[in-house]
Amino acid sequence: MSHSFQTKVQARSAAEKEPSTQPDFIQVRDFNFYYDGHKQVLFDLNLDIPKQKVTAFIGPSGCGKSTLLRNINRMNDLIDGIRHEGDITIDGHSIFDPLLEVISLRKRIGMVFQKSNPFPKSIYENIVYSLRVAGRNRKAELDEVVERSLRGAALWEEVKDRLQESAFGLSGGQMQRLCIARAIANRPEILLMDEPCSALDPIATGKVENLIHELKKEFTIVIVTHNMQQAARVSDRTAFFYLGKLIEYDETEKIFMNPGNPQTEAYVSGRFG
């Protein structure tokens, strides 16, 4: 591990040494997941994700981290032939409860994807789209949501005079922050981020990482990343996955500085993956 990387982890951990008193918010229990009814890709997962913290999922490609992330908002339901065993709960309630409407679940969970995907609409209409779908069209409310969301995504000052312009006129980093603004417009409780910086340059990546630090004051954040330095910079807890299994899950400082499993140590030190 490089000295600068080690210094970043130690500095971050010193700044956040106070133990968390927040209850575990998302709980994964004995969770198995299958494609095509029989192809198992997640194996007996158990982990607790604390409220208003950043939890990073790391591991090599194909290890199951994005599959687990997409189970939290049941996005995998859109795929034919999937099935699961075990449970995932949010605030003590199963997300698989047959009485639960998936739409109401997804209102509680914002999602940001690897590639920014703004709608072919104005910046303003990107933010208010979900509100309009829900029948909320009062201009004063929409204006307030647009400003609050763009400020929350650290984008307001850059676009406040361009709100009626196409979202496609923004830079890549700005488009990704617009997608974050859109994801938080409905004030969800959870923000899922699947490789949100993989297509961004270092400057834009830094802005998104700074934004994540601010957003966790209000949201519970789960981020999938291949970038271990990024996981060390932004997360409070880190889960290392390999071949669909959870190998190790702990405070980020411990995962990177003193992992308890040889596979974890080999991965974070760059010996494989």
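If you're wondering where the values come from, they're calculated on a predicted model, not measured in any experiment.

Caption draft 1: Spotlight on the overall build of the chain. Counting its regular elements, the chain contains eleven helices and ten strands. For 273 residues, the compact-globule estimate of 2.2 N^0.38 gives 19 Å, and the chain sits close to it at 19 Å. Projected onto the principal axes, the alpha-carbon positions of the chain cover approximately 55 × 50 × 35 Å. Within the span of the chain, comprising 273 residues, buried residues form 47% of the whole. By element, 51% of the accessible surface of the chain is carried by carbon and sulfur atoms, the whole surface being about 13,000 Å².

Caption draft 2: Here's a closer look at the pattern of salt bridges. Applying the stated rule across the entire model yields 19 salt bridges. In this structure, Arg136 and Glu141 form a salt bridge, with 2.6 Å as the shortest nitrogen-oxygen distance. Residue class for Arg136 comes out partly exposed when judged on its relative accessible area of 33%. Between Lys139 and Asp143 there is a salt bridge whose closest N-O contact spans 2.7 Å. With Lys139 and Asp143 both in helix α5 (residues 139-152) and four residues apart, this pair spans about one turn of that helix. One connected set of salt bridges, linked through shared partners, spans Glu147, Arg151, Glu157 and Lys160.

Caption draft 3: Fine view of the sheet that holds strand β6 (residues 109-112). If you trace the six strands from one edge of the open sheet to the other, you get β6-β7-β8-β3-β9-β10, paired in mixed fashion. One side of each edge strand has no neighbouring strand; the edge strands of this open sheet are β6 and β10 (245-251). Across the sheet, the axes of successive neighbouring strands diverge by a mean angle of 15°, strand direction being ignored. In terms of strand pairing, strand β3 (residues 54-58) meets strand β8 (residues 220-224) through four bridges, oriented parallel. Within β8, the residue paired with Phe57 across the bridge is Val224. This element, helix α7 (residues 172-184), spans β6 and β7 (190-194) of the sheet and lies at about 165° to β6. The strands touched by helix α8 (residues 202-215) are β3, β7 and β8; relative to β8, the strand with the most contacts, the crossing angle is about 150°.

Caption draft 4: Representation of helix α2 (residues 65-72) in the model. Counted residue by residue, α2 has six buried out of eight residues, so it is predominantly covered. Taken as a whole, α2 has its buried residues at Lys65, Thr67, Leu68, Leu69, Asn71 and Ile72. Two residues or fewer after α2 comes Arg74, characterised by a positive phi angle close to 55°.

Caption draft 5: Representation of α7 within the structure. A rise of 1.5 Å per residue sets the reference length of α7, with its 13 residues, at 18 Å; its end C-alpha atoms lie 19 Å apart and thus fit the reference within 8%. Within α7, twelve of the 13 residues are buried, which leaves it mostly tucked inside the rest of the structure. Within α7, burial applies to Gly173, Gln174, Met175, Gln176, Arg177, Leu178, Cys179, Ile180, Ala181, Arg182, Ala183 and Ile184. On its buried face, α7 is in contact with β6, α4 (123-133), α5, α6 (156-159), β7 and α8.

Caption draft 6: Molecular detail of the packing of α7 against α8. For the pair α7 and α8, the least separation of the axes is 9 Å and the interaxial angle reads 20°. Considered as vectors, α7 and α8 are oriented roughly parallel to each other. By crossing handedness, the relation of α7 to α8 is classed as right-handed. Only Ala204, Lys207, Val208, Leu211 and Leu215 of α8 make contact with α7, whose side of the interface consists of Gly173, Arg177, Ile180 and Ile184. Taken together, the residues of the contact of α7 with α8 break down into six nonpolar, one polar and two charged.

Caption draft 7: Region of the structure containing the pairing of β8. With five of five residues buried, β8 is to be regarded as a mostly interior element. Residue alternation in β8 divides its side chains into two sets, Thr220, Val222 and Val224 and Ile221 and Ile223, and both sets are buried. Judged from the five bridges that link them, β7 and β8 form a sheet pairing that is parallel. Residue Leu191 lies in a different strand from β8, and its bridge partner there is Ile221. Taking the sense of rotation as the criterion, the β-α-β connection linking β7, α8 and β8 turns out right-handed.

Here is what the cut-offs are and how they apply
Residues numbered from 1 in each chain as written. Predicted model: local features only at pLDDT ≥ 70, side-chain atom pairs only at ≥ 80, totals over all residues. Heavy atoms only, no water. Helix = DSSP H or I, 4+ residues; strand = E, 2+ residues; numbered from the N terminus. Rg over C-alpha atoms; globule rule 2.2 N^0.38 Å. Buried < 20%, exposed > 50% of the residue type's maximum accessible area, 1.4 Å probe, protein only. Areas by Shrake-Rupley, 256 points an atom, 1.4 Å probe, with all protein chains shown as cover. Salt bridge = Lys/Arg side-chain N within 4 Å of Asp/Glu carboxyl O. Pairing = 2+ DSSP bridges. Axes fitted to C-alpha atoms, helices over the stretch in contact; angles between N-to-C directions. Contact = heavy atoms within 4.5 Å. Expected span 1.5 Å × (residues − 1). Parallel < 35°, antiparallel > 145°, perpendicular 65-115°, else oblique. Left-handed = near helix turned anticlockwise from the far one by under 90°. Nonpolar A, V, L, I, M, F, W, Y, C, P; charged D, E, K, R; others polar. Right-handed = clockwise from strand over helix to strand, strands pointing away.

Shape descriptors only; they carry no functional weight alone.
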